[in-house]
Amino acid sequence: DVKVTQSSRYLVKRTGEKVFLECVQDMDHENMFWYRQDPGLGLRLIYFSYDVKMKEKGDIPEGYSVSREKKERFSLILESASTNQTSMYLCASSFRTDGYTFGSGTRLTVV
Amino acid sequence: AQSVTQPDIHITVSEGASLELRCNYSYGATPYLFWYVQSPGQGLQLLLKYFSGDTLVQGIKGFEAEFKRSQSSFNLRKPSVHWSDAAEYFCAGSGGANNLFFGTGTRLTVIP
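Here the structure is a predicted model, which is why all the values come from computation and not from measurement.

A few points about the overall build of chain B
Of regular secondary structure, chain B possesses zero helices and 12 strands. Secondary structure elements of chain B, listed N to C terminal, follow the sequence β-β-β-β-β-β-β-β-β-β-β-β. Scaling as 2.2 N^0.38, a compact globule of 112 residues should have a C-alpha radius of gyration of about 13 Å, and chain B matches this with 13 Å. Its C-alpha atoms put chain B at 40 × 30 × 20 Å along the principal axes. Within chain B, the fraction of its 112 residues that count as buried is 44%.

Laid out in structure tokens, this is it:
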């Protein structure tokens, strides 16, 4: 089975900190995605990548950046964390249009 | 614009009763359609997917979904709900590109 691993399940950071959320997949998938999930708003796409060193903005990229130096790893970076970035962050990967495989999520709290 | 709509925010059913969760899509052509389930504090798990062909799709955990082009719907069904089915359910679609568009989810409560 494809596995998507997010490095932390729970994270607490201070306002203004630079935060790194790591995601690794083990099935050589080309596509990787970062979403945030908030009650009543569903899943909103932050950034995605179709290849190494490639990135595309999703619907809500402001305040975030990403890095994909290796095919299996896709990192989400909060340049200066703010309280409105407190959320559940979900990473996913896919092969073409096969549907996504999700990680277990990282619940980030910014205080 | 491509979109997926789940009209029900919250549904409550009794254990053993049948279940139908609604999903409507808006796409120019036949989309790829998916149903995912999310247990509390977890990521999303794929239940089933529809690409083409037979409009009745079988998935895991006893779920099925039917694609109806005339109604632009892809409703999820289960004949007999178990308490462990309590979760949030997401419908998603793709117009053929690699990105999925998600509905806002339906939370299912199962009462004994």
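Re the pattern of salt bridges
Taken as a whole and assessed by the stated rule, the structure comprises 10 salt bridges over all chains. One salt bridge in this structure joins Lys53 of chain A and Glu69 of chain A, with 2.4 Å as the shortest N-O distance. A residue pair is termed long-range when its members are at least 10 positions apart, and Lys53 of chain A in the loop between β6 (42-49) and β7 (56-57) and Glu69 of chain A in strand β8 (residues 64-70) qualify at 16 residues. This pair shows no difference in class: Lys53 of chain A is exposed, exactly as Glu69 of chain A is. For Asp8 of chain B, the salt bridge is made with Arg22 of chain B, and the minimal N-O distance between the two is 2.9 Å.

Quick look at the interface of chain B and chain A
If you look at the interface, chain B gives 18 residues, while chain A gives 21 residues. Both sides together, the interface formed by chain B and chain A hides about 1,600 Å², and carbon and sulfur atoms give 50% of it. Where chain B touches chain A, the interface holds zero salt bridges. Linking chain B with chain A are six residue pairs in polar contact (both at pLDDT 80 or more). Residue assignment for the side of chain B that touches chain A shows that the elements contributing at least two residues are β5 (32-38) and β6 (44-50) of chain B. With four residues, the single largest contributor to the side of chain B that touches chain A is β5 of chain B. Along the lines of polarity and charge, the residues of the side of chain B that touches chain A split into nine nonpolar, eight polar and one charged.

Concerning the nonpolar core
If you look at the biggest cluster of nonpolar residues, it comprises 26 residues, and the most contacted ones within it are Leu19, Trp35, Leu47, Leu48, Phe74, Leu76 and Tyr89 of chain B. Residue assignment for this core shows that the elements contributing at least two residues are β2 (10-14), β3 (19-21), β5, β6, β8 (64-68), β9 (73-78), β10 (87-94) and β12 (106-111) of chain B. One finds Tyr47, Leu76, Ala81 and Leu108 of chain A within the second-largest nonpolar core, a separate group that totals 20 residues.

Examining unusual backbone geometry
A positive phi angle, near 65°, is found at Asp28 of chain A, a position not held by glycine. Within the secondary structure, Asp28 of chain A is located in the loop between β4 (23-25) and β5 (31-38). Classification of Asp28 of chain A by relative accessible area gives exposed; the value is 54%. Its identity is not glycine, yet Lys61 of chain B carries a phi of approximately 60°, on the positive side. Its place among the elements puts Lys61 of chain B in the loop between β7 (56-58) and β8.

Topic: the state of the cysteines
A disulfide bridge is the covalent bond that connects two cysteines by way of their sulfur atoms. Residues and elements named next belong to chain A. Using the criterion set out here, one finds two disulfides over all chains in the structure. Covalently, Cys23 is tied to Cys91 through a disulfide, its sulfur atoms 1.9 Å apart. Measuring handedness by torsion sign, the sulfur bridge of Cys23 and Cys91 sits at about -75° and is left-handed. Linking Cys23 in strand β4 with Cys91 in strand β10 (residues 87-94), this pair joins segments that are 68 residues apart in sequence. Look at Cys23 and you get buried, because its relative accessible area is 0%.

The rules behind each value
- Residues numbered from 1 in each chain as written.
- Chains lettered and ligands numbered in written order.
- Predicted model: local features only at pLDDT ≥ 70, side-chain atom pairs only at ≥ 80, totals over all residues.
- Heavy atoms only, no water.
- Helix = DSSP H or I, 4+ residues; strand = E, 2+ residues; numbered from the N terminus.
- Rg over C-alpha atoms; globule rule 2.2 N^0.38 Å.
- Buried < 20%, exposed > 50% of the residue type's maximum accessible area, 1.4 Å probe, protein only.
- Salt bridge = Lys/Arg side-chain N within 4 Å of Asp/Glu carboxyl O.
- Contact = heavy atoms within 4.5 Å.
- Buried area = accessible area lost by both parts, 1.4 Å probe.
- Polar contact = N/O pair within 3.5 Å; in protein donor to acceptor, adjacent residues only side chain to side chain.
- Nonpolar A, V, L, I, M, F, W, Y, C, P; charged D, E, K, R; others polar.
- Core = buried A, V, L, I, M, F, W, Y, C linked by side-chain atoms within 4.5 Å.
- Disulfide = S-S within 2.5 Å.

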